[in-house]
Amino acid sequence: MGVYGKTAVAVAQRYSHGQDPKDCWDREITLFTSSHESRKKGCPKSAFLGLCQDGFVKGIPQGSYVPVDSPNKKYATIAANVVLDSSSRHYSNAELWHKATTGFSGAAKNQNGQMDVVLALKEAGLLKKPN
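Residues numbered from 1 in each chain as written. Predicted model: local features only at pLDDT ≥ 70, side-chain atom pairs only at ≥ 80, totals over all residues. Heavy atoms only, no water.

A look at the overall build of the chain
Okay, so step 1: Looking only at helices and strands, the chain features seven helices and zero strands.
Okay, so step 2: Listed by position from the N terminus, the elements making up the chain come as α-α-α-α-α-α-α.
Okay, so step 3: In terms of overall dimensions, the chain has a C-alpha envelope of 35 × 35 × 25 Å along the principal axes.
Okay, so step 4: Out of the 131 residues in the chain, the part that is buried amounts to 44%.
Okay, so step 5: Total accessible area on the chain is roughly 6700 Å²; 48% of this is exposed by carbon and sulfur atoms.
Okay, so step 6: Looking at the chain, you have 17 positive and 11 negative side-chain charges, and the mean spots of the two groups are 2 Å apart. (Helix = DSSP H or I, 4+ residues; strand = E, 2+ residues; numbered from the N terminus. Buried < 20%, exposed > 50% of the residue type's maximum accessible area, 1.4 Å probe, protein only. Areas by Shrake-Rupley, 256 points an atom, 1.4 Å probe, with all protein chains shown as cover. Lys, Arg positive; Asp, Glu negative; His and termini not counted. Charge placed at Lys NZ, Arg CZ, Asp CG, Glu CD.)

Some points on the nonpolar core
Okay, so step 1: Grouped together as the largest cluster of nonpolar side chains are 37 residues, with contacts concentrated most on Phe 48, Leu 51, Leu 96, Val 118 and Leu 121.
Okay, so step 2: Counting residues per element, the ones that place at least two in this core are helix H1 (3–14), helix H2 (21–28), helix H4 (42–53), helix H5 (71–85), helix H6 (93–101) and helix H7 (114–123). (Core = buried A, V, L, I, M, F, W, Y, C linked by side-chain atoms within 4.5 Å.)

A look at the confidence of the model for the chain
Okay, so step 1: Looking at the chain as a whole, the pLDDT averages 90, with 97% of positions reaching at least 70.
Okay, so step 2: Mean pLDDT in the chain bottoms out at H6, which sits at 88, and peaks at H4, which reaches 95. (pLDDT = per-residue confidence, 0-100.)

Considering the layout of surface pockets
Okay, so step 1: By volume, the largest pocket amounts to about 170 Å³.
Okay, so step 2: If you trace the largest pocket, you find it lined by Met 1, Arg 89, His 90, Tyr 91, Asp 116, Leu 119, Ala 120, Lys 122 and Glu 123.
Okay, so step 3: Per-class residue counts for the lining of the largest pocket are four nonpolar, one polar and four charged. (1 Å grid on protein atoms, 1.4 Å probe; cavity = no way out; pocket = protein on both sides within 12 Å on 5 of 7 lines; lining within 4 Å. Points joined across faces, edges and corners; volume = space filled by probe spheres on them. Nonpolar A, V, L, I, M, F, W, Y, C, P; charged D, E, K, R; others polar.)

With respect to the environment of Leu 121
Okay, so step 1: With respect to the helices and strands, the residue Leu 121 is situated in helix H7.
Okay, so step 2: Taking the relative accessible area as the measure of exposure, Leu 121 reaches 0% and is therefore buried.
Okay, so step 3: Not counting chain neighbours up to four residues away, the residues in contact with Leu 121 comprise Ala 8, Val 9, Ala 12, Phe 48, Leu 51, Val 57, Leu 126 and Leu 127. (Contact = heavy atoms within 4.5 Å.)

A look at the packing of H2 against H4
Okay, so step 1: Between H2 and H4, the least distance of the axes is 10 Å, while the angle of their chain directions is 140 degrees. Of the possible angle classes, the one that applies to H2 and H4 is oblique. Both H2 and H4 take part in a crossing whose hand is right-handed. Contacts from Pro 21, Lys 22, Trp 25 and Asp 26 of H2 reach H4 at Pro 44, Lys 45, Phe 48 and Leu 49.
Okay, so step 2: Split into classes, the residues belonging to the contact of H2 with H4 amount to five nonpolar, no polar and three charged. (Axes fitted to C-alpha atoms, helices over the stretch in contact; angles between N-to-C directions. Parallel < 35°, antiparallel > 145°, perpendicular 65-115°, else oblique. Left-handed = near helix turned anticlockwise from the far one by under 90°.)

Structural notes on the side chain of Lys 45
Okay, so step 1: Residue placement: Lys 45 occurs in helix H4.
Okay, so step 2: In terms of polar contacts, Lys 45 uses its side chain to reach the side chain of Asp 26, at 2.7 Å.
Okay, so step 3: Setting aside residues up to four positions removed in sequence, Lys 45 forms contacts with Lys 22, Trp 25 and Asp 26. (Polar contact = N/O pair within 3.5 Å; in protein donor to acceptor, adjacent residues only side chain to side chain.)

Re the packing of H1 against H2
Okay, so step 1: One way to put it is that H1 packs onto H2 with a least axis distance of 9 Å and a crossing angle of 125 degrees. As the angle between them shows, H1 and H2 are arranged oblique. Crossing of H1 against H2: the hand is right-handed. Counted together, Tyr 4, Thr 7, Ala 8, Ala 10, Val 11 and Arg 14 of H1 and Pro 21, Cys 24, Trp 25 and Glu 28 of H2 form the full contact between these two elements.
Okay, so step 2: Grouping the amino acids of the contact of H1 with H2 by side-chain chemistry returns seven nonpolar, one polar and two charged.

Written out as structure tokens, the structure is:
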């Protein structure tokens, strides 16, 4: 599990009602990296917030956290559905990225922490199908 997966799990585990998940992410990531560039990286944060927005993260309410058309949200929610539909299968970041981006014209060629977020939440038991 990488920095972004650890951050996603920490936010989900420490989230308290009424907090803004964006602020929680910004606070928790400082526990896992001192790199300014890593702390500001938008792709994994948007992936996590997109999962929260659509109700995939246990304990965090649905809300408006990222733009509806965020590509990172789309990649993460597709990936979340893939891993939840095949819960006994273990995916690598690369395999899951391929599944999440197949059929998207203009999709980024490489994953940028988004799949780390999805896989870490699944592994920690914090990923769920939305209601």
